[in-house]
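# Notes for the structure review
Given next are the chains, with one letter for each unit.
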Amino acid sequence: MRTVMVTAPGTVEVVEIEEPQAGRADVTVRVRACGICGSDTSYIHWGGIAPREGATPLGHEAAGEVIAVGSEVSGVQVGDHVVVNPMAASDGIIGNGGAQGGLSEVLVLRNAEAGVHFRVIPDSLPWHVAALNEPMAVAYHGVNRSGAGKGTRAVVFGAGPVGLGAAIGLKAKGAEHVVVVDIVANRLEKALRVGADAVINSAEEDVISRLKELHGEAADFLGAVKPATDVYIDAAGVPAVIATALEAVKHRGVLTIIAVHKKPVPVDFLAILPTEVDIRLAMGYPTEIFEVTDAIIEHQDKYANIISDLVPAADVKRGLELAGTPEATDKVVITFD
């Protein structure tokens, strides 16, 4: 079968390998769609990821059709559509240094358990939307970490795929008002399409003043007037977002950071002491990998807006190049016949 591998720094190839053999406890999945993550482009740049530098299978955002079920497996049958939990694979994290990658024609889920390694989804959910399950679980975990719920007034910085997923997740959790902040006009248009109540172009507007208009005013411990925003979510990963959120946050507001910051970010703890701000970090999806599936099924039209490019597997190298070009696209999904 064909699979996509990093073979050297800056080099990715479609290679022919033996199809993995399945046992009695395994489920075999024919991949029908797989999203491309920023980590995939990083692995290409680095030349792979331990322990498989130089021969790293790519892709961890897979959805597909079950083509074989071992005799010891329950909760699934041939023909079922499934989304995959790459973290649960016993032969290493799929597409992240494990033995298999989601940008392959076939995946074998070893010692497979329903609700752990895979979840069956309705046939009516389009493959390319189903492939959003893994990154949207990252966004959903960020929402869960924030504590947002019914009545929450929230702002999301960054209208990339995870930021948009967080906006949808916030509304699904019952948030009263969700604002999305970015500097790219078409991303802000997408934010409105997925259900944000308002958007702010931070290149043109003062974010703190606008939040006061949208959410009203509150105060910190010393009485300084702040926006009445309850939750700030950083899905952008730039220092200016942290500076703005910490300047804006009201007394005991919450700042949740989903984004990856590649450099240290300075924080003046004396300045933020009167806010008693609750800073929370969110990584991965300890419980959310299949919790978010319900939201995707219910709001599939909204989630579909996140995808910017559908690229057939025959052009996978073009899709990877597109995904790795700054500002060229937002979310690329590779589709398989």
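Residues numbered from 1 in each chain as written. Predicted model: local features only at pLDDT ≥ 70, side-chain atom pairs only at ≥ 80, totals over all residues. Heavy atoms only, no water.

### Here's the deal with the overall build of the protein chain
What counts, and what does not: Secondary structure is summarised from DSSP: a helix means a run of H or I of at least four residues, a strand means a run of E of at least two, and numbering begins at the N terminus for each. The globule rule used for comparison is 2.2 Å times the number of residues to the exponent 0.38, while the radius of gyration itself is calculated over C-alpha atoms. Contacts between residues were defined by any pair of non-hydrogen atoms, one from each residue, lying within 4.5 Å.
When helices and strands are tallied, the protein chain shows eleven helices and 18 strands. Taken over the C-alpha trace, the protein chain has a radius of gyration of 21 Å; the compact-globule value for 337 residues is 20 Å, and the two agree within 12%. Along the first, second and third principal axes, the C-alpha atoms of the protein chain reach 65 × 40 × 30 Å. Considering only contacts within the protein chain whose residues lie at least 6 apart along the sequence, 66% involve residues at least 24 apart.

### Observations concerning the packing of aromatic side chains
Stated precisely, the cut-off is as follows: Pairing of aromatic rings covers Phe, Tyr and Trp, the last counted by its six-membered ring, and requires centre-to-centre distances within 6.5 Å; plane angles under 30 degrees mean stacked, over 60 mean edge-to-face, and any other angle means tilted. The rule is simple: take the accessible area with a 1.4 Å probe, protein chains only, and divide by the maximum for that residue type; under 20% is buried, over 50% is exposed, in between is partly exposed.
On inspection of all chains with the given rule, the structure shows one aromatic pair. Ring plane angle 50° and centroid distance 5.8 Å describe the contact between Tyr43 and Trp46, whose orientation is recorded as tilted. With Tyr43 and Trp46 both in helix 1 (residues 38–46) and three residues apart, the pair spans about one turn of that helix. On the basis of relative accessible area, Tyr43 is assigned to the buried category, the value being 7%.

### Some details on the side chain of Asp230
Here is the rule: Polar contacts here mean pairs of N or O atoms no more than 3.5 Å apart (in protein, one a potential hydrogen donor and the other a potential acceptor; neighbouring residues in sequence count only if both atoms are side-chain atoms).
Following the sequence through the fold, Asp230 ends up in the loop between strand 13 (225–227) and strand 14 (231–234). The exposure class of Asp230 is buried, given its relative accessible area of 19%. A polar contact is formed between the side chain of Asp230 and the side chain of Lys250, at a distance of 2.6 Å. Apart from the residues within four sequence positions on either side, Asp230 is in contact with Gly151, Thr152, Arg153, Lys250, Gly253 and Val254.

### Some words on the packing of helix 3 (residues 133–146) against helix 9 (residues 291–298)
Our working rule: Angles run from 0 to 180 degrees between N-to-C directions of axes, and those axes are lines fitted to C-alpha atoms, restricted for helices to the stretch in contact. What sets the label is the angle itself: under 35 degrees gives roughly parallel, over 145 gives roughly antiparallel, 65 to 115 gives roughly perpendicular, and the rest give oblique. Here the nonpolar group is Ala, Val, Leu, Ile, Met, Phe, Trp, Tyr, Cys and Pro; Asp, Glu, Lys and Arg are the charged ones; every other residue, Gly included, is treated as polar.
Remark: helix 3 packs on helix 9, axes separated minimally by 9 Å, with the N-to-C direction vectors making an angle of 110°. Taken together, helix 3 and helix 9 sit at an angle that is classed as roughly perpendicular. From helix 3, Asn133, Met136, Ala137, Tyr140 and Asn144 reach across to helix 9, where they touch Glu291, Val292, Thr293, Ala295 and Ile296. The class makeup of the residues in the contact of helix 3 with helix 9 is six nonpolar, three polar and one charged.

### Looking at the pattern of salt bridges
Opposite charge on two side chains lets them pair, provided their charged atoms get close. Convention followed: Every case where a carboxyl oxygen of Asp or Glu lies within 4 Å of a side-chain nitrogen of Lys or Arg is listed as a salt bridge.
Tallying each qualifying case throughout the model produces 20 salt bridges. Residues Lys331 and Glu61 are paired through a salt bridge, measuring 2.7 Å at the closest nitrogen-oxygen approach. One end of the pair, Lys331, is in the loop between helix 11 (316–323) and strand 18 (332–335); the other, Glu61, is in strand 5 (residues 61–69), with 270 residues separating them in the sequence. Like Lys331, the residue Glu61 is buried in the burial classification. When the shortest N-O distance is used, the salt bridge between Glu276 and Arg252 registers 2.7 Å. Taken together, the residues Glu276 in the loop between helix 8 (269–272) and strand 16 (278–281) and Arg252 in the loop between helix 7 (239–248) and strand 15 (254–257) connect sequence positions 24 residues apart. On the basis of relative accessibility, which here comes to 58%, the residue Arg252 falls in the exposed class. Counted as one network, the salt bridges with shared partners bring together Asp182, Arg187, Lys190 and Asp330.

### A few points about the sheet that holds strand 14
What counts is decided by this rule: Two strands are said to pair when DSSP picks up at least two bridges between them.
Ordered by their spatial adjacency, six strands build an open sheet running 11-10-9-14-15-16, and the pairing between neighbours is parallel. The open sheet is flanked by strand 11 (198–201) and strand 16, the only strands paired with a single partner. In this sheet, neighbouring strand axes are inclined to one another by 20° on average, regardless of whether the strands run parallel or antiparallel. Strand contacts of helix 3: strand 14, strand 15 and strand 16, with the helix running at about 155° to strand 15, the strand carrying the most contacts. Contacting strand 9 (153–157), strand 10 (177–182), strand 11 and strand 14, helix 6 (residues 207–215) runs over the sheet at an angle of about 165° to strand 10.

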